[in-house]
Structure formats: structure tokens, C-alpha cells
Amino acid sequence: MFLAQVHVTYKPSILDPQAVAIKNAMHRLDFDQVTAVRQGKYFEITVDAPTSDAAETQIEAICDQLLANPNMETYRYEVKELANQ
Amino acid sequence: MMKFAVVSFPGSNCDEDLYYAITDDLHEDATIVPHTATDLTEFDVILIPGGFSYGDYLRGGAIAKFAPVMSAVKAFAQAGKPVLGICNGFQILTEAGLLPGTLQHNRQMQFICEPEPLLVANNQTMFTAAFQDQQQITLPIAHGEGNYYCDAATLAKLRDRHQIAFTYQHNPNGSVSDIAGITNEAGNVLGMMPHPERAVEAIQGGTDGLLVFKSLLQAHLRTV
Amino acid sequence: MQELKTEPTPAEIRDQKPYEAWGLSQREYEYISQKLIGRLPNYTETGLFAVMWSEHCSYKDSKPILRKFWNDGSRVIQGPGEGAGVLDIGDDQAVVFKAESHNHPSFVEPFEGAATGVGGIIRDIFSMGAKPIASLDSLRFGELDKPKNRYLLTECVAGIAAYGNCIGIPTVGGEIGFDAVYDGNPLVNVMCVGLMDQADLKRGRATGTGNSIIYVGAKTGRDGIHGATFASNEFSDEKATDRSAVQVGDPFMEKLLTDACLEIIHDHSEILMGIQDMGAAGLVSSSAEMASKAKSGVTMNLDLVPQREPGMSAYEIMLSESQERMLLCVKKGEEQTVLDIFARYDLDAVVVGHVTADRQYRLYQHGKLVTDVPVTSLVDDVVEREQPKKKPARLENVQPAQTPVVQQPAETLKNLLAQPTIASKQAVFKQYDSQVQANTAVTPGSDAAVVRVRHTKKALAMTTDCNARYIYLDPYVGGQIAVSEAARNIVASGGIPIGITDCLNFGSPSDPESYWELDQSVQGIAQACERFDTPVISGNVSMYNETDGRSIYPTPMIGMVGLIEDVAQITTQSFKTAGEAVYLVGDTGNDFAGSELQKLRGQMTPIGQLNFNLDAEAANQRLVQQAIRQDLLQSAHDLSEGGLGVALAEALFEYQLGFTGQTELTNSQLFSETQSRFIVSVQPKDQTEFEALAGKQAVLLGRTTDQDAVQLVTADGQLTARSSELKATFGGALGCLMK
């Protein structure tokens, strides 16, 4: 069993109004040293694959086809083996 | 009779509105087709309605693009027959790769429902031929993710090939180049955020939307 | 009877009294044990009794008062007691509507609280067999100078939009008011209206011994346990643990549930014996009420209930208020038909039990009988408590309100137009999809919203109303005014009022003054309803609207529906063209008690005597109705907060018109809130006919112009302003305050 931790974020060139709003809120709360905020989605996916490579292949395809829209988003992930229960 | 298919996904909520616009107001034939349908060849036009397909969870249209019916929609589009996606339908068409670009959250992060003044930027398409060139019209918008985005190269292409069909007169959502609706390169697929099916009778506040469907009817009558 | 080891035994419950924390009094506990079941209830049963005997489920405190409502009338097909009330609108069609409050959850978690408020009331509507066609939201918040109130407003609106827009039911209106008394206790009241063929009418009944009980929709989780008792207790700022009582809504699931249930109702009515929403107190209240209404019993196996979390106890499963769940009673042997339809919509549907003849309520879990009590003990035997009433001291020796001096009426008008309660709500309304279903003829912002009935000439007008400042001054007269103003809105839009629903938002019933206010308001509402032939067909009571011992103004929100026989008679509040003659219908006095002008002048708590005459109200409404029927009116607008000045300005904005005229009223009286008035506009060619019809009930004020100017000469001065400036003030105020 493998656990993939996937982060999907906007590409740096894309305006993220939600992140802008959050940054403004931080400034209103006097966290003046905040200079940038990016927001994204986080997924935990458990995969029953024979090897780490096989799990990664599946996760790569899932990110590409479903979780991220390549027009505006990028993704990164880590895959780790789950201890047997 | 011209035959319109209205594709209904789980969570679509403008499917009936489109059905009635075609049957009550255009007086043509319409069928609501489930997301599980695999053969759409009997129809003359496919309409992809607004709503929140699959709850719009993940992203608008991101899950709908995998519905069984989408293979049939793609085949239909590749055959050069007209496909019109409205609102969530536009989002589905971009997610499915039938139209370039993508639709982001509105600039001000709020859903907006209001009558929106538009310009018919290209009346030489099968969806807009019943309008005058550069005609000013008003159609309702109702979306939270209608902020059209594409990169500069794509935008240049859209302009060169006259793929921009409708533009906003007072950009409500931050769309690139005020874009409200675009076609594909071949001109047989149109995606638009405004709702023509909500402006087909005077009691709804205007009838400009009916001309989108009349354009399709005129194009169809020329081919038969 | 066997208990789970971790749960206290019946004897321990008797000795440790955990039921008191759940809102069940010792007297009630003893009555249940000794008189109703003849033994000590176990842990699960005690929980069921606590929630079923809460005010929120049983209305034990309010019932003696609610009986005073009038719910008769020739159109009534279903009055209070079911998911929603039903009225005949001709052509074998019916309108179904109800309003419900979600105040406490919306304070704790405003986005989800408001969203699930929308979801809950929608299920009540389609469970009757109706397609939901519109919803309206009546909201109250503290003043917007406090960041917390801006946050609550923004989040509640976002929650309503997120849920309502997704599910495809237009949010066509409602109203929003602001007053410091709602600090820490906002009101979120949602009204939903449905349309049906009378043949499709369904009720929440578990009839027919042996028939199956089917659970459908979202899985049951630990969310919202004791939400009903949560709503029946006062609020304390300190209890952060209350947070667990709020549920998260899934509008996508609700959409599927609506479509699937309506399909079964339309296509398989003969096998569907009953259907009910799992609302407050979830599975226990829906199943027990369905059995009670059918005079039957039910037996359910809780192991079959779809569960989101492992290890849930019977108590947790029964009391969970997870959203988007329905309970159906289906004819034995026909279950598969229903299960197949739900499967097509990807919904969990399971047969969890069956109807019995012996009127017992039995639950099994892990093979053991965990509950075995009479259905009647849960539903019908709840002991009503008529509470002591006391007239508040503030209502003794009330004097007429002072007439404020107005030297610069234009300035006063601008200030009133910028008051958040009066200012344009477009900044909020445009976040709601008001047009989906493509039937909305009048969008939010006019007196009443109008939705046409497709394939007929008819339309339905709908509105919500309540000026709580008036109720505070005189609950009886204030109640009459709330109904009358709603009726005025309906009449101004071209309709005949046909019925009401209500959300009675009050303080604690154990406070004799709150209880007196409730009693008085209900009587005032009832009297006005009889006068306007608008029966109360459904409603909801929300008491305990107190934070740290301080009550809100009593706020009985009235939701009214009107029938427009012909869409050609739909009328809006806006003057249409230059040159129309503008008339004021109804007499104007010095009525400043509870007025917005009084508040603007620093009298934050309303003061003074209310004047109201139900006969004058009825006469003026009849005149406007008749004039619309004779096609004499270009516009009609009800006068409410801010009086004539505000109403006149509002009527100019849509078509950017000006106005010039003259009146015998004083500067101050431009802002008097005398009830029972309208302004109407008439084309010059129709003036003679209108004046003949109106007689002394209407006076000519002046004419609309195409100038950017408002000029009104008064008895002691003149109002001069630019229409565009007034419009900018009116349009921009709320958006600015929300930032």
C-alpha cells in the first residue's frame, strides 16, 4: 500500500483572487511581513500498487487527467509506502 | 423538425430551461439525453447545459468530462456538427479539450447573477448569424467561475481566426479580453458563459437569446 | 433490554440525570417513566425522549399559542402538521410553501448554517410531491460597523448562494435588516415555494402493516447530534463545544435526492405510501412522526442504516442530523422499483425496517432490542406547557412618538437611503441565481418576486416581511402590520394574497414577557390573516433567541404567497416613462414610532405608539387590486421603511427618471411610516378613470420627468435632489458597509 500526498496549485502566472484576499486579511490582522500567499488543493490518495514506481505512474496519470487543469494548475506529489497493519 | 439533444449530467440544472427554450419558443424538437448515452448521431445539435455537474467538486466540468456521453459529444464535434455549451457547459467543453483556455473563479470571488450587456463580436458563425455584426445585446449571466483565461499565444490565435463570438461590454468577472463566448477553430463548437435560454420570452426580461437558437435553425435549414 | 457497556444503565440515568443537560426536565422524565412506559428508559430511549420532547420537535411551549392561528379557507389542501402547507391555485395545481429558521447554526458556522437551512426547507417542499420553484431568505444581523456582523452577513449570503445556486432553485428575494439587538443572534429564515399537480400530493405517513421503511441519501454521521435541543437552548458566548452541532451541506446530493424522489412520486405514486425529510432530530423524529400520523408502529434495524463512521451507538444514529436524507414508506414487495431508481441516481437507499400494527416503536442494533416504547409516547403524549405571560413594563402608558423636525428633506432622504436596512440589497441579491428555471418574471428588489407558472397564464407572487421595531412597540398591532405589509407587497405586484407561512423568532418561552409577546403577535397575525383570507398553512417557531440573557426584538417573519391570475397583470414598483401621473394612495399622519427616521435621529430603541387600521388597509389594497385589474397602473409600490420619500426615490431608479410635484404634507411627513399606503403611477390617458375609481383614497403628487431631478414642494419646504445622486447613494451603501 502506498500513500500519495498530492498538492495542486495555480501556476505562478495565474491570478489567484482567493489567495490575494487571504493575503489582504493577513495584513489586516497586522501580519505585515507576509509578502505572498498561494493557495492550493491537497489530496491524500491510498493506492494498492505492487511497487512505488507503479503507484507513481498511476498518481502521475491521475494528476494529469483529473486533479489538475494543465491550463492553469501545476502539481507535485510524494509517494510513501504505508506500514502493514 | 430540427433535433436538439440536451445532455444532462448529474447536477445539471439548466437542462429543462434549454428544453423549453427549444420546444416552447423555437418550436423545434428537443430531447434530454442522460450522461450515460453513447450514441448521439440522430441529433442535429448538442446542447450542454448550465448547472453544477457532479457538484462542480474539484473544478467546474472536471469530472463531467469523463462521463460516458462525452465520447459521443467529441465524435459529434469532430464530424463538424454544432455543439453549444452554456455556462457549466462551456466549462465542460474546455475541460474536455473541445475549446481552448479555461474558466477561473470570478475576479471578485463571488457568484454573479445579472443581465449583462454583450457585443456580438463575430456574426459569421452558425450560432450568431441571426445577429447584426457588433450588435449590442443583453443576456443574463449566472456563474461563479466564468473568468475566461488563456495564454497570450492562444488569445492571439482566437483573434486571428475570429473565434471570439461574444464579448462583455462591462467585464463582470475578469475574463481575458472581455471574452464571454468563443468557438473552436472549425467554428462548430461554441462555449459561452451567458445564458441565451433565459432570454427567449419577454416575461423573462428580454428575447436576445432566442437569436442564438434561430441562428442554428437557419444554418440547419440551409443544409437540408 | 440490554445496554452497551459504555452507556449508563437505566438506574444510573435515574440517579445521575444526564437528561437534564439534554433539555428534559425531571418532571418530564418521571412522567415518561411512570405514566408512559411504566419503567425506567435506557440510555438510547432517554436520548430519544429528550430530543422528541424538545420544543424544537414537539412545540410543547408554543402549541397552546399556535392554536390561535387561523388555518382555514377554501384553498387549503394541507394545513400545518406536514412537511409544508398546500394551497389550491386552480387547474388541478397547488402551491406548497414553508419557512424555517436556522438561526443558531448560522451564528456558530454561518456558511454551513445558512446553507443547510436552505437544504432543509427544500426537502420539506419536495417531500409533499412538489417541485421547488423558488426560495427567499429573510435575514437579520447586528449593525455592520462591527466586523463580526460583516463576517456573518458575508458568510451567510455565501452559504445561501453556494447551496441555492448549485441545486437549481432560483433565490428570488427576501429581505435583510440590521439592528444591534441581533448582535450575537442573527436570524436566518428561509422560505421555499413549490409547485405541484394536486394528484401528486404525498404526506409523511408510515401506513400499511408490513410495508417497508426505506432510508435514502447521505450516510449518517455524528454531525448535528442534539441539533434540535441545541436550537431549544439559549446561547452562551462561551460554549465553543456547541460547534459540533453544525452540519455540512452537500447541495449536489440534495439535487439528486430531489430529482429521484420527484421521479418516484410522479411515476410510482401507487407504491409510495409516505415520505418525509429527516430534519431536526433526524431518523427518530421522521420515523416516529410518520408512524404517529398513520397510527401505526415501526421496527427498524439500525445495523442497516448507512453510516459514515464506524462504531456509532444507537443513540448517535437516531439523533444524528446529517443532511440530505429522506425516509420513505413503500409497499411491501415493490421495494426494488424504488431502490433501482435511487441506484440510477447513485444514491444509497436501504430497507431499514417495516411498519407494524401495534403502534410500538422498536429499534434493534447488533441483534438486540435497544428501544421499545409506544410511538405515542414519543410524539403525541408530549405534555404541553402553557407558560406564564406578563406584559412588559415598557408597554404601559405609551405616548405618541415625537415628530422629528426635518429642515433639509433632501439630506434626510439621502441619509435614509444609505441606511443598510433601506439601501439596495443588489450587492447581496446578485450573488443568488434568481433566474434558473427561466420562470422569474420579477427579480429580487421589487415589492414581491414573481415567478410564472409555465404553460398557464398564472404567476405566483411571493414576499417575506417583518418590521420587528413595530413588534417591539406593540406585538399585537405589529403582528397585524407584518401580515398587512406582506399583503401590500403582493397586491402591488398584481396578485391576490392566498396564504402565509411564518418563522416566529422570539426569546425564551420561560421568560413571561417573551411568552406574552409571542401570544400577542400570534393573535395579531391571526386577525390580519382572517381579514385578508390568508390562512397560516405552515411555519416554524424559533425560541431561545437570546445571547447571554438578552433577547432579540420579537421577529415573527411572515412569508406570503399571492396568485396572479394573468401574467399581464404583473406590476412592478418602478415608474416606467416620463409623464406618468404619480398618486399617493392612503392617508398620511405623523407616524414616527419605530420609524427609520427615529432610528436615524439616534433613538436606537424604538419608542412611541403605533397606529394602524385594518379597515383602511383592506380598502387601500382593494383599490390597488381593482386599478391593476382595470389595467390603469404603470407601477405600484408599497410604502414601508422611510415612508413616501424613500418609496418615491426607489420608483425612479430603474428607468432613471425624475419627478416634479407638490404635496400638502410637511417635510417630516415625507418620512412618516403611516401604514396602508402605496404610490402608483398612471398614464395621462387613464387619469380620469383612475381618479373616478379612487375617489378620496388617492391624491395626485406630481409627474415623472426625463430630467435628472427630483423636486417636491411640501407644506413647509421643498425636497430638491438629483435622481442620479440618490440612486448612487441607495445602490452603493450596502456594498461599502460590507467591505
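So, here is what we can say about the structure in this document. What you see is a predicted model, and the numbers here were worked out from it, not measured in a lab.

Every α-helical turn comprises 3.6 residues, leaving residues that sit three or four positions apart pointing alike. Residues and elements named next belong to chain C. The terminal C-alpha atoms of helix H18 (residues 475-492) lie 25 Å apart, and with 18 residues this matches the ideal 26 Å at 1.5 Å per residue to within 8%. Buried residues dominate H18, accounting for 17 of its 18 residues. One or two residues past the end of H18 sits Gly494, with phi positive at roughly 100°.

This part is about empty space enclosed by the protein. All names here are of chain C. What the rule picks out here adds up to five cavities of 30 Å³ or more. Estimated volume of the second largest cavity: approximately 70 Å³. Lining of the second largest cavity is provided by Tyr470, Ile481, Asp591, Phe592, Ala593, Gln609, Leu610, Asn611, Glu673, Thr674 and Gln675. A class-by-class count of the residues in the lining of the second largest cavity yields five nonpolar, four polar and two charged.

Here two pairs of chains make contact, and the pair sharing the most contacts is chains B and C. Separated without contact, chain A and chain C have their nearest C-alpha atoms at a distance of 12 Å.

Moving on to the environment of Phe52 of chain B. Along the polypeptide, Phe52 of chain B turns up in the loop between strand S3 (45-48) and helix H2 (69-78). Exposure remark for Phe52 of chain B: the relative accessible area of 19% places this residue in the buried category. Dropping the residues within four chain positions of it, Phe52 of chain B is found in contact with Pro10, Gly11, Ser12, Asn13, Asn88 and Phe111 of chain B together with Asn165, Cys166 and Phe252 of chain C.

Glancing now at the interface of chain B and chain C. Each partner contributes residues to the interface: chain B has 25 residues there, and chain C has 26 residues. Summing both partners gives a buried area of about 2,100 Å² for chain B against chain C, and 53% of it is carried by carbon and sulfur. Of all residues in chain B, the largest losses of buried area upon contact with chain C belong to Phe111, Cys113 and Ile203 of chain B, amounting jointly to 26% of the total for that side. Counting every contact that joins chain B to chain C gives four salt bridges. With a shortest N-O distance of 2.9 Å, Arg198 of chain B and Asp433 of chain C are connected by a salt bridge. Taken together, the links from chain B to chain C amount to twelve residue pairs in polar contact (both at pLDDT 80 or more). Those elements that provide at least two residues to the side of chain B that touches chain C are helix H1 (15-26), strand S6 (112-120) and strand S7 (136-143) of chain B. For the side of chain B that touches chain C, the element with the most residues is H1 of chain B, which contributes four residues. Among the residues making up the side of chain B that touches chain C, the classes are represented as twelve nonpolar, six polar and seven charged.

Criteria and cut-off values
Residues numbered from 1 in each chain as written. Chains lettered and ligands numbered in written order. Predicted model: local features only at pLDDT ≥ 70, side-chain atom pairs only at ≥ 80, totals over all residues. Heavy atoms only, no water. Helix = DSSP H or I, 4+ residues; strand = E, 2+ residues; numbered from the N terminus. Expected span 1.5 Å × (residues − 1). Buried < 20%, exposed > 50% of the residue type's maximum accessible area, 1.4 Å probe, protein only. 1 Å grid on protein atoms, 1.4 Å probe; cavity = no way out; pocket = protein on both sides within 12 Å on 5 of 7 lines; lining within 4 Å. Points joined across faces, edges and corners; volume = space filled by probe spheres on them. Nonpolar A, V, L, I, M, F, W, Y, C, P; charged D, E, K, R; others polar. Contact = heavy atoms within 4.5 Å. Buried area = accessible area lost by both parts, 1.4 Å probe. Salt bridge = Lys/Arg side-chain N within 4 Å of Asp/Glu carboxyl O. Polar contact = N/O pair within 3.5 Å; in protein donor to acceptor, adjacent residues only side chain to side chain.

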